[in-house]
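Observations on the model geometry
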Amino acid sequence: MALRFASLGSGSKGNGTLVASGDHCLLVDCGFTIKETERRMARLGVSPAELSAILVTHEHSDHLSGVAPLARKYGLPVYLTPGTLRARDIGKLPRVHLIEGHQPFAVADIQVTPVAVPHDAREAAQFVFRSRGSSLGLLTDLGTVTPHVEEHFGDCDALVLEANHDPQMLAQGPYPPSLKRRVGGAYGHLSNQQAAGFLQRVGCDQLQHLVVAHISEKNNSIELARATLADAAERVANCIFACQQQGFDWLQIEKD
Ligand SMILES: [Zn+2]
Ligand SMILES: [Zn+2]
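Residues numbered from 1 in each chain as written. Chains lettered and ligands numbered in written order. Predicted model: local features only at pLDDT ≥ 70, side-chain atom pairs only at ≥ 80, totals over all residues. Heavy atoms only, no water.

What follows deals with the environment of Leu142. Relative to the helices and strands, Leu142 is located in the loop between strand S10 (134–139) and helix H5 (147–153). Judged by relative accessible area, which is 0%, Leu142 ranks as buried. Each C-alpha atom of the pair Leu142 and Asp120 lies 8.2 Å from the other, and the pair is 22 residues apart in sequence. Apart from the residues within four sequence positions on either side, Leu142 is in contact with Val117, Pro118, His119, Val149, Glu162, Gly188, His189 and Leu190. (Helix = DSSP H or I, 4+ residues; strand = E, 2+ residues; numbered from the N terminus. Buried < 20%, exposed > 50% of the residue type's maximum accessible area, 1.4 Å probe, protein only. Contact = heavy atoms within 4.5 Å.)

For the rest of this paragraph, the subject is the sheet that holds strand S8 (residues 110–116). Read across the open sheet, the seven strands follow the order S7-S8-S9-S10-S11-S12-S13; overall the sheet is mixed. Every interior strand has two partners, whereas the edge strands, strand S7 (105–107) and strand S13 (238–241), have only one. Taken over all neighbouring pairs, the strand axes of this sheet differ in orientation by 20° on average, direction set aside. The sheet contact formed by strand S11 (residues 158–162) and strand S12 (residues 209–213) spans five bridges and is parallel. Each residue of the ladder has a partner; that of Glu162, found in S12, is Ala213. (Pairing = 2+ DSSP bridges. Axes fitted to C-alpha atoms, helices over the stretch in contact; angles between N-to-C directions.)

You can see Asp157 is positioned in the loop between H5 and S11. A relative accessible area of 11% places Asp157 in the buried class. For Asp157, the side chain forms a polar contact with the main-chain nitrogen of Ser135, separated by 2.8 Å. Discounting residues that sit within four places of it in the chain, Asp157 has contacts with Gly133, Ser134, Ser135, Gln206, Leu207, Gln208, His209, Ile253 and Lys255. (Polar contact = N/O pair within 3.5 Å; in protein donor to acceptor, adjacent residues only side chain to side chain.)

Within the protein, the atoms that donate to the zinc ion (ligand 2) are His58 (NE2), His60 (ND1), His119 (NE2) and Asp141 (OD), at distances of 2.2 to 2.5 Å. One can describe the site at the zinc ion (ligand 2) as irregular: its four donor atoms subtend angles covering 91 to 169° at the metal. A gap of 3.6 Å separates the zinc ion (ligand 2) and the zinc ion (ligand 1), which Asp141 links by coordinating each metal. Here His58, found in the loop between strand S4 (53–55) and helix H2 (61–64), pairs with His119, found in the loop between S8 and strand S9 (125–131); they are 61 residues apart in sequence, far enough to count as distant. When sorted by exposure, His58 lands in the same class as His119, which is buried. (Donors = N, O, S within 2.8 Å, 3.2 Å for Na, K, Ca; no water. Tetrahedral: all angles 85-135°; square planar, octahedral: opposite > 155°, others 65-115°.)

Here is the structure:
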């Protein structure tokens, strides 16, 4: 069985992505209460008791708030960088695996490559997953696409890619000036245009699935993201837009 993935929800009010191969299932980030996580996972046909581990990208609440409670309730190991572990009081974790120096590691038969990204967090890591010849990149919460990011995420079979804001909507929107600068800055979030530029540079003909994610509900719209990413979407076999409430349903990478 090749890699499968699904989302509990995507956006600044909470994130959680399931990555599965064979009988093994990982949860990347958890920005929901235990009850809400159980409810959203049930929608995708999985119970937290079936998880092999939780991986954490960084310490922002929309990715971290539910991690420790869920890990404690179900006795799950948590993988995170030392910087993320020490960035704030996470709460007691039953089993901690430190990601050291962004070295690749394996959970069951899933190979995980952590990739450093520029974001306003202590030691943020996004991930590329590989299993039985297929690869999936999760790439959200970064202000700039660096050459390092491009190198790691440029040839995935499936990609979950942030298109957080439309610069004009952000400029005219409700955020205070300091937050506007943060979100739009080099350590903030990718705009629709930055996401489109990345896809144009690396090419996306090899992509089976492109999921546009972490779309701001205040500073963006699916229509604007869709219009800016239209060229890329046309060249990808399947392009969908993740949302805060529903995330997205299971997608599978086909390998022959
Ligand atoms: Zn986030
Ligand atoms: Zn963040």
